[in-house]
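# Working through the structure, step by step
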Amino acid sequence: MIRFVARCILFASIPVLAYAESPVQKPFFSKQILLGAHRGGADEWPENTLYGFQECAKAHPGILLETDARLTSDGAVVLLHDKTVDRTTNGTGEVATLTLEQVKALDAGHKFTADNGATFPQRSKGLTIATLKEVLNALPDAHMLVELKGEPALADATIKIIRDAKAEDRVLFASFVPPTMDRARQLAPAMAYCFDMKNGAALLMAVRGAKWADYTPQADVLSIDDGMIARYNLTPEEIKTIQTKGIRIQVHTINDPEQMKSFVAQGVDSILTDKPTALANVIAETKTLTK
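Residues numbered from 1 in each chain as written. Predicted model: local features only at pLDDT ≥ 70, side-chain atom pairs only at ≥ 80, totals over all residues. Heavy atoms only, no water.

### Details of the overall build of the protein
Cut-off, in case you're wondering: Numbering of helices and strands starts at the N terminus; helices are DSSP runs of H or I of at least 4 residues and strands are runs of E of at least 2. Here the term buried applies to any residue with accessible area under 20% of the maximum for its type, exposed to any over 50%, and partly exposed to those in between, with areas from a 1.4 Å probe on protein chains only. Here, two residues are considered to be in contact whenever any of their heavy atoms come within 4.5 Å of each other. In short, Shrake-Rupley with a 1.4 Å probe defines the accessible areas, and a residue's cover is counted only from the protein chains shown.
Helix and strand content of the protein: eleven helices and nine strands. For the C-alpha atoms alone, the extent of the protein along its principal axes is close to 60 × 45 × 40 Å. Within the protein, the fraction of its 291 residues that count as buried is 51%. Across the protein, the fraction of contacts at a sequence separation of at least 24, relative to all contacts at a separation of at least 6, is 64%. Summed over all atoms, the accessible surface of the protein reaches about 13400 Å², with 56% contributed by carbon and sulfur.

### Some thoughts on the nonpolar core
Operational definition: Nonpolar core, defined: a set of buried Ala, Val, Leu, Ile, Met, Phe, Trp, Tyr and Cys residues in which side-chain atoms within 4.5 Å join the residues together.
In this structure, Leu65, Phe173, Ile242 and Ile271 are the most contacted members of the largest nonpolar core, which totals 62 residues. Top element by residues in this core is helix α5 (residues 152–164). It accounts for five residues. Leaving out residues up to four positions away in the same chain, phenylalanine 173 has contacts with Leu145, Val146, Leu148, Thr158, Ile159, Ile162, Met181, Ala184, Met191, Ala192, Tyr193 and Cys194. Among the nonpolar cores identified, the runner-up in size contains eleven residues, and Ile33, Leu64, Leu172 and Val221 belong to it.

### Remarks on the pattern of salt bridges
Threshold: One speaks of a salt bridge when a side-chain nitrogen belonging to Lys or Arg is within 4 Å of a carboxyl oxygen belonging to Asp or Glu.
Per the stated rule, a full pass over the model turns up 15 salt bridges. Taking the shortest distance from any N to any O, the salt bridge between lysine 104 and glutamate 134 comes out at 2.9 Å. Of this pair, lysine 104 sits in helix α3 (residues 100–104) while glutamate 134 sits in helix α4 (residues 132–138); the two residues are 30 residues apart in sequence, bridging distant segments of the chain. According to the relative accessible area criterion, glutamate 134 is partly exposed, its value standing at 29%. If you follow the salt bridges from partner to partner, you end up with Arg39, Glu47, Asp82 and Arg87 in one network.

### Here's the deal with α5
Applicable threshold: Helix span, expected: 1.5 Å multiplied by one less than the number of residues in the helix. Picture the helix axis, draw a direction to every C-beta atom, and the arc is the one those directions span.
For α5, built from 13 residues, the straight-helix expectation of 18 Å at 1.5 Å per residue is met to within 8% by its first-to-last C-alpha distance of 19 Å. Buried residues of α5: Leu154, Ala155, Thr158, Ile159, Ile161 and Ile162, and no others. Projected onto a plane normal to the axis of α5, the buried residues spread over an arc of 160 degrees and lie on a single side. Turned more than 90 degrees away from the buried face of α5, the exposed residues are Lys160 and Asp164. On the buried face of α5, the contacting elements are β2 (64–71), β3 (77–79), α4, β4 (143–148), β5 (171–174) and α6 (178–187). Just beyond α5, the residue with positive phi is lysine 166, at close to 55 degrees.

### Describing the pairing of β4
So the rule is basically this: A strand pair is defined by DSSP finding two or more bridges across the two strands. Here is how to tell: hold the view so the strands point away, follow the path from the first strand over the helix to the second, and if it runs clockwise the crossover is right-handed.
Where burial is concerned, most of β4 is hidden: six out of the six residues are buried. Because side chains alternate across β4, one face comprises the buried residues His143, Leu145 and Glu147, and the other comprises Met144, Val146 and Leu148, equally buried. Examined bridge by bridge, β2 and β4 share six bridges and lie parallel to one another. The partner of leucine 64 across the bridge, within β4, is histidine 143. Where β4 lies against β5, four bridges are found, and the strand directions are parallel. Opposite leucine 145, over in β5, you have leucine 172 as the bridge partner. After leaving β4, the chain enters α5 and then returns to the sheet as β5, a path that is right-handed.

### Some thoughts on the environment of lysine 133
With respect to the element layout, lysine 133 can be found in helix α4. In sequence terms lysine 133 and alanine 37 are 96 residues apart; their C-alpha atoms lie 19 Å from each other.

### Here's the deal with the packing of aromatic side chains
Note the threshold: Centres within 6.5 Å make a pair out of two Phe, Tyr or Trp rings, where for Trp the six-membered ring is used; the pair is then stacked when the planes are under 30 degrees apart, edge-to-face when over 60, and tilted otherwise. Whether a charge sits over a ring comes down to the Lys NZ or Arg CZ being within 6 Å of the ring centre and within 35 degrees of the ring normal.
Under the counting rule described, the total for this entry stands at three aromatic pairs. When the ring of phenylalanine 28 is compared with that of phenylalanine 29, the centres are 5.2 Å apart and the planes differ by 80 degrees; the resulting orientation is edge-to-face. The residues phenylalanine 28 and phenylalanine 29 share a single accessibility class, namely buried. Plain terms: the ring middles of tryptophan 212 and tyrosine 215 are 5.2 Å apart, the flat faces sit at 10 degrees to each other, and that makes the pair stacked. Given the relative accessible area of 14%, tryptophan 212 is considered buried. Just above the ring of phenylalanine 120 sits the side chain of arginine 123; from NZ or CZ to the centre is 4.0 Å.

Geometry only, nothing functional implied.
Set out below in structure tokens:
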């Protein structure tokens, strides 16, 4: 708790940008998307591949597709969680040191397995690390959460691609790099944003302070994992209080069905999972029970 307070004070001392438009008025939030696929449903399909996103969207129409954006050495925006290509492909090296051509030459299905390594069904099938442009163009109706994993130049490149695809109304941004989020907001203030570390800390201080009624949201979605909920002792009552400001609550990455049921029952707005089929079943069961 002491560490939490100290961190809040640290980030609260950094200026935050205010955006007056209510999240309920932004086109991205025209419908609630409770079902979210972390990295496109990483336990069911090869993560961050066009094939994986397409199969996930086909199996679960209307799902929120979560992904991670990075820049190659020649400035292309590719979708990959890790800093390196080692874990998910047959290659090695950091994305930032590779050209798009080099990245595309790798087998992105090489290490995918859904049976604890007994088989590798997607090897040598031509699957590659996806580019943001490919996914936006191939899935023109899909809503996406894009985590910006890089410095502010990544925001410039990503927003250009999104605008070229006319996809501003269906992309939600997240990042652990506050300057990158600030740059994105500067370029595209009307788009949807998750809280970053500095304005997230300010939010938690506000909800526990005496002037909550005067608090103006600095972003649209508080995206947190179950570990952060426990670490900061964020209660279901506080979650509901935060939601009264129009702020969406998203939890990640929830793969246990019992946890899924618990968060659905709490009324969170979105859940990210590596197992979207399991979460879809939990949501369907919950709807059946509440009829």
